[in-house]
Amino acid sequence: MAKLVSSWSKDIKSLPENYVFPPDQRPKELVAPLYNPPIVDLTKSADEARQKILEAGRDFGFFQVMNHGISQSLINEAMDVLKEFFDMPAEVKASAFTADSSKRCRLYTSTFQYDTEEVHFWRDNLTHPCHPLEDCLQLWPEKPTRYRDIVGKYSVEVRKLVLKILDLICEGLELEQGYFGDELSRIHLLSVNHYPRCPDPSLAMGMQRHCDPNVVTILFQGDTNGLHVFSDGKWIGVEPIPNAFIVIIGCQLQIISNNKLKSAEHRVVTNSEVDRTTIGYFVIPSYECFVEPAKTLVDEHNPAIYKACQYKEFLSTYANENGKYETLMEFYKLQT
Ligand code: OGA
Ligand code: NI
């Protein structure tokens, strides 16, 4: 499909007009990496891991996980097959292309608002559910032929990791065992972003400033920079650490933890050197589920900061507010 950036970007020399962002939305500031980035090493004791997660969640809203036990070769194979997917000829990708958000497997470009947005993002995306595997495999792309096999294995392993991290968060916040086990983690989506090399990264954006609306996101960014997190009033670059996953705290976890963990505001910039592919794994509540600050974290000294909200309602506010962190969270604050 000719709309996909990956289908035409190799043939152009300069950035098309409709990808040029207004000056105030461009990635103009110099972005330095953190001197001491938040890292959780899963070979360390559970106590240490829990503490690191709580500190990182409180201070930054994200952290990177090392020594997670998922093999480098499986991750490499998954990255290869996903890059191969976006490198397929435009006519092959066209069969999967749909901006219809009711479709369970969607290949689209920029955002779902492509037809109405003024400027497009330099990004293609493939999203589909990834659990339970037997119910969703048949929705997935058939090409490349290894796709279902490799991405299936990857999804199973990342799911185990995400459950481990949710357990650590649950214990760290001293919530009852299995707090995240049911409705709060009902939907598991794989969301693959592809940002082809860009003729002018200073004018374009890969993804706008946003927070993730869900519970938690596990992102693999390979070895290419591009993710920025807003922290202490400035943008910081999340430097790739070989074989590490980035865990991004979502808005629901901020609500449940009553602000003990905060949702990271982040954005994506492009580069002119290499194509960048990232694999997001999103843990999402059921749409019917009401999310509220955990009862055990609320008492007379620590009043609830947020009201209970049905996840589908939160999502529609998220869409209306364009994923803007401050206004979105403010909307669900209880008046004090
Ligand atoms: C996302 C996201 C970051 C990246 O998919 O929500 O923020 O680096 N991705 O692709
Ligand atoms: Ni995000």
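The shown structure was predicted, so the numbers you read here are calculated from the model rather than taken from an experiment.

Chemist: Describe the pairing of strand β11 (residues 245-249), with residues and values.
Modeler: With five of its five residues buried, β11 lies for the most part within the structure. Where burial is concerned, the two faces of β11 agree: the one with F245, V247 and I249 and the one with I246 and I248 are both buried. As defined by bridge partners, strand β3 (residues 62-66) adjoins β11 across four bridges and the pair is classed as antiparallel. In the strand pairing of β11, F63 is matched with V247. The pairing of strand β8 (residues 216-220) with β11 spans four bridges and is classified as antiparallel. Bridge pairing in β11 links T217 to I248.

Chemist: So what's going on with the site of ligand 1? Residues and values would help.
Modeler: Taken together, N193, Y195, M207, H210, D212, L219, L227, H266, V268, R276, T278 and F282 are the residues near ligand 1. Surface burial for ligand 1 is 98%, taken as the share of its 290 Å² of free accessible area covered by protein chains. For the shell around ligand 1, the elements supplying multiple residues, two or more each, are β6 (187-195), β7 (207-210), β12 (265-268) and β13 (276-284). The biggest single contributor to the shell around ligand 1 is β13, with three residues. Of the residues that constitute the shell around ligand 1, the class distribution is six nonpolar, four polar and two charged.

Chemist: Give me the pattern of salt bridges: which residues, what numbers.
Modeler: Counted by the stated rule, this structure contains 16 salt bridges. Between D275 and K10 there is a salt bridge, with its nearest N and O atoms 3.6 Å apart. Of this pair, D275 sits in the loop between β12 and β13 while K10 sits in the loop between α1 (5-8) and β1 (32-33), and the two are 265 residues apart along the sequence. Judged by relative accessible area, D275 falls into the buried class, the value being 14%. Linking K160 and E157 is a salt bridge whose minimum nitrogen-to-oxygen distance equals 3.1 Å.

Chemist: Tell me about the packing of aromatic side chains, residues and numbers included.
Modeler: On inspection of all chains with the given rule, the structure shows 17 aromatic pairs. Members of the aromatic cluster, joined through ring pairs, are Y287, Y311, F314, F331 and Y332. Of note, R209 hangs over the ring of F230, and the distance from its end group to the ring centre comes to 4.3 Å. Sitting over the face of the ring of W235, R267 holds its NZ or CZ atom 4.2 Å from the ring centroid.

Chemist: Would you mind going over the packing of helix α3 (residues 72-87) against helix α6 (residues 147-172) in detail, with residue names and values included?
Modeler: Taken N-terminus to C-terminus, the directions of α3 and α6 make an angle of 135°; their axes are 9 Å apart at the nearest point. Considering their axes alone, α3 and α6 lie oblique with respect to each other. Crossing of α3 over α6 shows left-handed handedness. Counting all contacts with α3, which are made through L74, I75, E77, A78, V81 and L82, the residues of α6 involved are Y147, I150, V151, K153, Y154 and E157.

Scoring rules and cut-offs
Residues numbered from 1 in each chain as written. Chains lettered and ligands numbered in written order. Predicted model: local features only at pLDDT ≥ 70, side-chain atom pairs only at ≥ 80, totals over all residues. Heavy atoms only, no water. Buried < 20%, exposed > 50% of the residue type's maximum accessible area, 1.4 Å probe, protein only. Helix = DSSP H or I, 4+ residues; strand = E, 2+ residues; numbered from the N terminus. Pairing = 2+ DSSP bridges. Near = heavy atom within 4 Å. Areas by Shrake-Rupley, 256 points an atom, 1.4 Å probe, with all protein chains shown as cover. Nonpolar A, V, L, I, M, F, W, Y, C, P; charged D, E, K, R; others polar. Salt bridge = Lys/Arg side-chain N within 4 Å of Asp/Glu carboxyl O. Phe/Tyr/Trp six-rings, centres within 6.5 Å; stacked < 30°, edge-to-face > 60°. Lys NZ or Arg CZ within 6 Å of the ring centre and 35° of its normal. Axes fitted to C-alpha atoms, helices over the stretch in contact; angles between N-to-C directions. Parallel < 35°, antiparallel > 145°, perpendicular 65-115°, else oblique. Left-handed = near helix turned anticlockwise from the far one by under 90°. Contact = heavy atoms within 4.5 Å.

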